[in-house]
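# Secondary and tertiary structure notes
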Amino acid sequence: VKDIIVCSGDSDLVPAIERAKFYGSRIHVVVSKNIPAAHIIDAADVIIRLEDVLKYIPSHNIVKSSIKKQNFIKEGA
């Protein structure tokens, strides 16, 4: 596979990304600027911001989540 697109900020995918890169695949990661995804960003070849992708999708095709935003900062950090 020449190009792989990953739509996640989950660092559990880093080993799979590294293996795919070992076999010659180029990894594109789609991730929101609001998600701390340093490990997967470091492993990717190309970073695509979700906010940039959403600009090309008509607003009537986007379903807004009713889930409250999570606080990604650990207490006491």
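Residues numbered from 1 in each chain as written. Predicted model: local features only at pLDDT ≥ 70, side-chain atom pairs only at ≥ 80, totals over all residues. Heavy atoms only, no water.

## Things to note about the side chain of serine 8
Mapped onto the fold, serine 8 is located in the loop between β1 (3-6) and α1 (14-22). A polar atom in the side chain of serine 8 sits 3.0 Å from the backbone nitrogen of aspartate 10. (Helix = DSSP H or I, 4+ residues; strand = E, 2+ residues; numbered from the N terminus. Polar contact = N/O pair within 3.5 Å; in protein donor to acceptor, adjacent residues only side chain to side chain.)

## Observations concerning the sheet that holds β1
Spatially, the 3 strands line up as an open sheet ordered β1-β2-β3, and their pairing is parallel. Strands with a single pairing partner mark the edges of an open sheet, and in this sheet they are β1 and β3 (46-49). Neighbour-to-neighbour, the strand axes of the sheet open up by a mean angle of 20 degrees, direction not taken into account. Summarising the sheet, β1 and strand β2 (residues 26-31) pair through 4 bridges and their orientation is parallel. Each residue of the ladder has a partner; that of isoleucine 4, found in β2, is isoleucine 27. (Pairing = 2+ DSSP bridges. Axes fitted to C-alpha atoms, helices over the stretch in contact; angles between N-to-C directions.)

## Examining the nonpolar core
Ranked by size, the top nonpolar core spans 11 residues in total: Val6, Val14, Ile17, Ala20, Ile27, Val29, Val31, Ala37, Ile40, Ala43 and Ala44. Secondary-structure elements contributing two or more residues to this core are α1, β2 and α2 (38-43). If sequence neighbours within four positions are ignored, alanine 44 has contacts with Lys21, Ile27 and Val29. (Core = buried A, V, L, I, M, F, W, Y, C linked by side-chain atoms within 4.5 Å. Buried < 20%, exposed > 50% of the residue type's maximum accessible area, 1.4 Å probe, protein only. Contact = heavy atoms within 4.5 Å.)

## Things to note about the packing of aromatic side chains
A full pass over the atoms with the stated rule returns 1 aromatic pair. An angle of 85 degrees between the planes, with centres 5.1 Å apart, marks the rings of phenylalanine 22 and tyrosine 23 as edge-to-face. Across the pair, exposure class does not vary: phenylalanine 22 and tyrosine 23 are exposed alike. (Phe/Tyr/Trp six-rings, centres within 6.5 Å; stacked < 30°, edge-to-face > 60°.)

## Description of the pattern of salt bridges
Counted under the stated rule, the structure contains 3 salt bridges. Measuring nitrogen to oxygen at the nearest pair gives 3.4 Å for the salt bridge that ties aspartate 45 to lysine 21. Within this pair, whereas aspartate 45 is found in the loop between α2 and β3, its partner lysine 21 is found in helix α1, the two being separated by 24 residues in sequence. In this structure, aspartate 52 engages lysine 55 in a salt bridge whose closest nitrogen and oxygen atoms are separated by 3.4 Å. (Salt bridge = Lys/Arg side-chain N within 4 Å of Asp/Glu carboxyl O.)

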